[in-house]
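Descriptive structure summary
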Amino acid sequence: MYLTLLIFIPLVIGALGAAFLPARQMKWAALAAMVVDLLLALLLAGGILGNFDWNYNPAAEGTESVWVFNNEIKNPEFQLREHIPWPMLQEYEISYSLGVDNLAMLLILLTAALGVFGVLCSWTAITKREKEFYLYLLALQTGILGIFCALDLILFFMAWEVMMLPLYFLIGIFGSKDRLYATMKFVLYSLAGSLMMLLSIIWIYYNSGVSTFSFEKLSGNGITFHQYLPYLGMMLAFLIKVPLWPFHTWLPDAHTEAPTAGSVILAGVLLKTGIYGILRFAIPLFPIPAVAFAPLFSWLAVIAIIYGAMCAIVQTDVKRLVAYSSVSHMGFIVLGIFCFNAPAMNGAILQMFNHGISTGGLFLAVGMLYERRHTRQMSEFGGLAHSIPIYAALTMVMVLSSAGLPGLNGFAGEFPILLGSMNNVPMLIEARDSSSFYALINQVNYTWLVAVLAAMGVIFGAVYLLIMYQKVFFGKLEKSENKNLPDLNIREWGQLAVLSVAALVIGLFPQLLMKPISKTTNDVLTMVAGPLRFDASHPNPELEPVVEKDDGHGGDHGHGSDEHASVRAH
Amino acid sequence: METGITAYVPQVAWSQIAPFVILTLGGLLILALDALLDIVVKGITPQRRDSVLTWVTGGSLFVTGMMFYGNVIGTTGRPFFEGALRADEFGNLGALIVIFGSLVFVAMSPRLIREKKLPAGEMYALLLFAVAGMTLLSVANELVTAFVCIEILSLSLYVLTGMNRRSPRSGEAAFKYFILGAFASAFLVLGIAFIYGATGTTQLFGTGRLMQQMQASEARIGARQLIADKQSYDLGLDEILYAGERPVRTAVFEAEQEGRAIIASTRVEVETQPLNPIWLFLGFVLIFAGLCFKLSLAPFHMWAPDVYEGAPSIVAMLIATASKVAAFAFLIHLVEAMAVWEHFPAASLFLLSSVATVSILWGNLGAITQTRMKRMLAYSSIAHGGYILVGVATLVSAASFNDPLAHERIRNSILFYLFGYTLMNVLAFGIAAYLGKEGEGEIAAYRGLSTRRPVLAAGMTLAMISLLGLGIPGTIGFWGKYFVIKEAVNAGMTFLAWISFIGSAISAYYYLRVVVAMYMLPEEKETPVAGGVLQTNTGYTFSLGLSGAMICFFGILPALFWALGS
């Protein structure tokens, strides 16, 4: 009931407000809904972290950084579970089942917090059709929270689609000039992806052998698949949402045209739903294809990192620059996940949270500037540090956090990713049933090159962010319009200050989040490791897998070694 | 079939044919009232006269609907009326959907009659005849009966299309519909002739039996006689079971007599017929082509956009919903009968799949370029016909016939799709007609509707996202496509599932364009929709609200629909 309450409070209050309140007071209802939701999310986080064993040490369980195999399949322990079979659809095995683990809890917290900021940043910016605006915003919140709680594949798909429609209206009605193009592109991209996902979900239903959509039942029975087409179908939906190069082209348009609240939630939370889907469903259900395609996705991630950064450098529109920086940062996260080792995955999950804070903060800042000057072109600004110093200072924190300055949160996330990718990315597998197709993919595997290129992305990140900051805030205050800009009021100041404090706290004490995250990482890696190791001819779990210490290039794997599952790590 | 029995008295199960009788008599009553009301009741105003006609039509439809609902609950699945009809659950529920669509038509028509000054009596009489044809078609078990039903409903719809005599477009649409429809009828007749030639019967139930017999006879020469005897004995028993209230003994006696006669006749046929499955299949192909025309499936869809645009909107709604439901019900009964021939799935699957594929792609791609509302809806209905045909192809595919449960599920999924499709189109056409002349025209005229008429805009959005289907769960359109595609994947027809998904993704563009116009574009000064005051009537708003509510309700609890029937 708790999660149901958490999910549906925004939508219900929004619907009631739209039906009964006058338009001017709708924002108060929206704020109330978001704050109640945030309180519920904080209570949830407090409850879960309060019960969390802070002495938890994944190394003791044996999955720290290297592959240690056990045949026993461990499921993530979901809390606050709710399970109601869908009325009258028992024969179709669809159920309304919810539950959260540490990963979902973190993302729910982020969603609830950014929801409040989404309302606050629209407080004066939205003057027409307020009822609709806040209704869409609250419905969007419900959809996103539903994604993070759903444990049934069809329910997950429903929430996934429910999320799309409000954003379609938010961009299409309240966006800037080219909003129709942007919103149509967003919907067509999302829809193409999610339909492939639905096909994969139906495929899973018929091929699992237990005829169910319940993720708990699937993973509880240890059901995994090795077919790569349904895996790719599912991944297409997630990678479009992430978005990974080359599926990213909708993102800059959507970001640039969206109203500030839309951008903040889009960058802060919506992109994470893709990563969340990969971690929660795609990898645990398809461990063998996930590992087999890891080199491919690592390479795409590296391209995204470099390409996003390159594009960001040449942008003249501040918001578009931040949008491209999102492409680059999401590349880091994807890379961290497909390294399949504990540090990188920890870093990736932490970076999901960080990216929500820093990029969300940057979009808030850009929105504040836009509200004052109604332009986002860098050439229109310059020397703003003289006219609006508080704004400049708080934006500086966000910029540095995004660029990965040590001491702020961005570094705490990016560093473990680079560490992990340098250490052993991506490992090679020869699962017993791996086809020659998988072997072909593993041919292109130059791990050190991936790590080096990704590290260069960090440098590029500093380049475009600092250039942007320099052009906007430093130099002479030349334009007369910029001279009398009002500095931040308490509402705006509060938003950026809270995010800055959060960035600093996470930067200084990453273990606060890292510990709970490592539990999730451990769950995911165990779920991957189990099926890879499983071999009926070797029932004894004590047997060591074939581990070769040399030869990271994997040029000749597939020959010579015995036929059992053999995994090579550096 | 010539039985040679002179003393034979046909058994009529009055309770089962009562709905059709009521519909036909209702139509005649309307004609009589239309002519006589002015004379009998002195000084009756045209408005009062029209409203009397409306209530009589609505009343007879409602009574019929209740009877069909009673039949749904007590369905036996046995043939009656000399084997010409057979009311299984699918047929009865299909007829119920037809009745729903026509009740909505009646609720919406007073406004149309007032605005366009149409003759109410003719319209309602034609409607009732058309509905009689549709409901009979959905329970037809005999090819000639089906042909007659198709002709009744088609002729009525031709005239209804041209009902607006002041509009040249309406006349053009009716003419086009009629000319092309005549071709389709020719295909149908030829197909029926082929099937009769191949099997010696026009009964669907009977066709199947004779095919079985044929296979057996091919396998074992000399056993033909024996099987013919056994077969006819079975037929006799069927007659006893379904005879109704007649004393059993008399029935047995008659059945024996009849059975002997059938033995005689079948023996001759079995001996003399070439029994070539090629002719059977060719007959099916021709009938299917004729049905494709009625269902506006590609490549027989060319008439649909012109007819939908020219016809009065609610007539277009009737063509798009009720007539298609009936034709699909007949198509399903046809393929089920054919499928007893063991090679039928292999022979027809390619045909059905390719027509489905072409319809989905052609309909969706064609709709992209349309700028007018009703033309867009016409192309969308072509695409939806393709999705339903995916369900039919799944039904035909060999896998489903080995498993009666899966068979039942596939039939249910198709029925659910038809029901959802009817609701969505009722809402879309209804709102378009509600908005008057501009609403039926350019989509650009919808610009800014959300500020002028927020409720209507929300209703249209609901219709559009439900038609889009797979995009947004929580509408009936989602579950319709979901069930059909799920069964297709289960039956191993992944290719058709892919096509459906691609089609749905394409369709997002043109459905959402309407939403874009209503919500995101500024108002157009020239000819905006609903610029002035809209005329309303209670029935109209009620049926729009009911359709919208049902789209949402069954979008959340889809399975409740089947619970209605059991």
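Predicted, not measured: the structure shown is a model, and the values here were computed from it.

Conventions adopted
- Residues take numbers from 1 onward in each chain, read along the sequence in its written order.
- The order in which chains are written sets their letters, starting at A; the order in which ligands are written sets their numbers, starting at 1.
- Note on the predicted model: pLDDT of at least 70 is required for a residue's local features to be given, and 80 or more for side-chain atom pairs to be given and counted; whole-chain, interface and lining totals, by contrast, use all residues.
- Side-chain measures were taken over the full set of non-hydrogen atoms in the model, leaving aside hydrogen atoms and water.
- Any pair of residues with heavy atoms lying within 4.5 Å of one another is described as a contacting pair.
- Accessible area that two parts lose when put together, with a 1.4 Å probe and added across both, is what the buried area reports.
- Note on definitions: salt bridges are taken to be side-chain nitrogens of Lys or Arg within 4 Å of carboxyl oxygens of Asp or Glu.
- Two N or O atoms count as a polar contact when they lie within 3.5 Å, although within protein this holds only if one can serve as hydrogen donor and the other as acceptor, and sequence-adjacent residues are included solely when both atoms are side-chain atoms.
- Helix and strand definitions here come from DSSP, where helices need a minimum of 4 consecutive H or I residues and strands a minimum of 2 consecutive E residues; each element is numbered from the N-terminal end.
- Under the grouping applied here, Gly and all other residues not named as nonpolar or charged are polar, the nonpolar ones being Ala, Val, Leu, Ile, Met, Phe, Trp, Tyr, Cys and Pro and the charged ones Asp, Glu, Lys and Arg.
- An automatic or database domain assignment provides the domain bounds reported here.
- Relative accessibility decides the category of a residue: with a 1.4 Å probe and only protein chains considered, values under 20% of the type maximum give buried, values over 50% give exposed, and everything between is partly exposed.
- In summary, the charge assignment counts Lys and Arg as positive and Asp and Glu as negative, without counting His or the chain termini.
- Pairing of aromatic rings covers Phe, Tyr and the six-membered ring of Trp, with a centre-to-centre limit of 6.5 Å; geometry is then stacked below 30 degrees between planes, edge-to-face above 60, and tilted otherwise.
- Values of pLDDT, the confidence the predictor places in each residue, fall between 0 and 100.
- Axis lines are fitted to C-alpha atoms, over the contacting stretch for helices. Their N-to-C directions set the angle, which ranges from 0 to 180 degrees.
- Take the far helix as the reference: if the near one is turned anticlockwise from it by less than a right angle, the crossing is left-handed, and if turned clockwise, right-handed.

Of the residues lining the interface, 40 residues belong to chain B; the matching set on chain A comes to 35 residues. Counting the surface lost from both chain B and chain A, the interface buries some 3,300 Å², and carbon and sulfur atoms represent 81% of this. It is Lys486, Phe501 and Met520 of chain B that lose the most area in chain B upon contact with chain A, and together they represent 20% of the buried surface on that side. The interface formed by chain B and chain A contains zero salt bridges. Connecting chain B to chain A are five residue pairs in polar contact (both at pLDDT 80 or more). Among the elements that take part in the side of chain B that touches chain A, helix H22 (residues 494–519) of chain B stands out by supplying 12 residues, more than any other. For the side of chain B that touches chain A, the per-class residue count stands at 30 nonpolar, six polar and four charged.

Here we take up the domain arrangement of chain B. Residues and elements named next belong to chain B. Looking at the assigned domains, one finds that chain B contains domain 1 (1–338) and domain 2 (342–566). Here domain 1 packs against domain 2, burying approximately 4,800 Å² in sum over the two surfaces, 69% of which is carbon and sulfur. Across the contact surface, domain 1 and domain 2 share four salt bridges. Linking aspartate 306 and arginine 375 is a salt bridge whose minimum nitrogen-to-oxygen distance equals 3.1 Å. On the surface where domain 1 and domain 2 come into contact, there are 16 residue pairs in polar contact (both at pLDDT 80 or more). Every element with two or more residues in the side of domain 1 that touches domain 2 is listed here: helix H2 (46–73), helix H3 (89–116), helix H10 (277–294), helix H11 (303–310), helix H12 (313–320) and helix H13 (322–338). Ranked by residue count, the leading element in the side of domain 1 that touches domain 2 is H3, at 14 residues. Broken down by class, the residue content of the side of domain 1 that touches domain 2 amounts to 34 nonpolar, seven polar and 10 charged.

All names here are of chain A. Position of glutamate 414 relative to the elements: it lies in helix H18 (residues 409–424). Despite its burial, glutamate 414 pairs with no opposite charge; the closest candidate is lysine 272, at 12 Å N-O. Aside from chain neighbours lying at most four places away, what touches glutamate 414 is His329, Phe332, Gln351, Ser402, Ala403, Gly404 and Val458.

The subject of this paragraph is the packing of aromatic side chains. Any aromatic ring pair is given by two values, namely how distant the centres are and how the planes are angled relative to each other. Residue and element names in this part refer to chain A. In total, this model carries 54 aromatic pairs over all chains according to the counting rule given. Ring geometry for tryptophan 28 versus tryptophan 123: centroids 4.9 Å apart, planes at 90°, classification edge-to-face. Of this pair, tryptophan 28 sits in helix H2 (residues 26–51) while tryptophan 123 is found in the loop between helix H4 (102–121) and helix H5 (130–149), placing the two residues 95 residues apart along the sequence. According to the relative accessible area criterion, tryptophan 123 is buried, its value standing at 14%.

Turning to the confidence of the model for chain B, a few remarks are in order. The predicted coordinates ought not to be read in detail in places where the model reports low pLDDT. All names here are of chain B. When pLDDT is averaged along chain B, the result is 81; 80% of the residues meet or exceed 70. Within the model, pLDDT remains below 50 along residues 213–253, and this stretch shows 43 contacts once partners closer than five positions in the same chain are excluded. Between residues 262–274, whose pLDDT stays under 50, and residues either more than four places distant or in other chains, the model counts 19 contacts. Our summary of model confidence lists the complex with pTM equal to 0.82 and ipTM equal to 0.77.

On to the packing of helix H15 (residues 342–373) of chain A against helix H17 (residues 389–403) of chain A, then. Residue and element names in this part refer to chain A. At a minimum axis distance of 8 Å, the contact between H15 and H17 shows a crossing angle of 145°. The element H15 and its partner H17 pack so that their crossing is left-handed. Listed contacts from H17 to Ile357, Ser358, Gly361, Leu362, Ala365, Val366, Met368 and Leu369 of H15 are Tyr391, Thr395, Met398, Val399, Ser401 and Ser402. Among the residues forming the contact of H15 with H17, the class breakdown is nine nonpolar, five polar and no charged.

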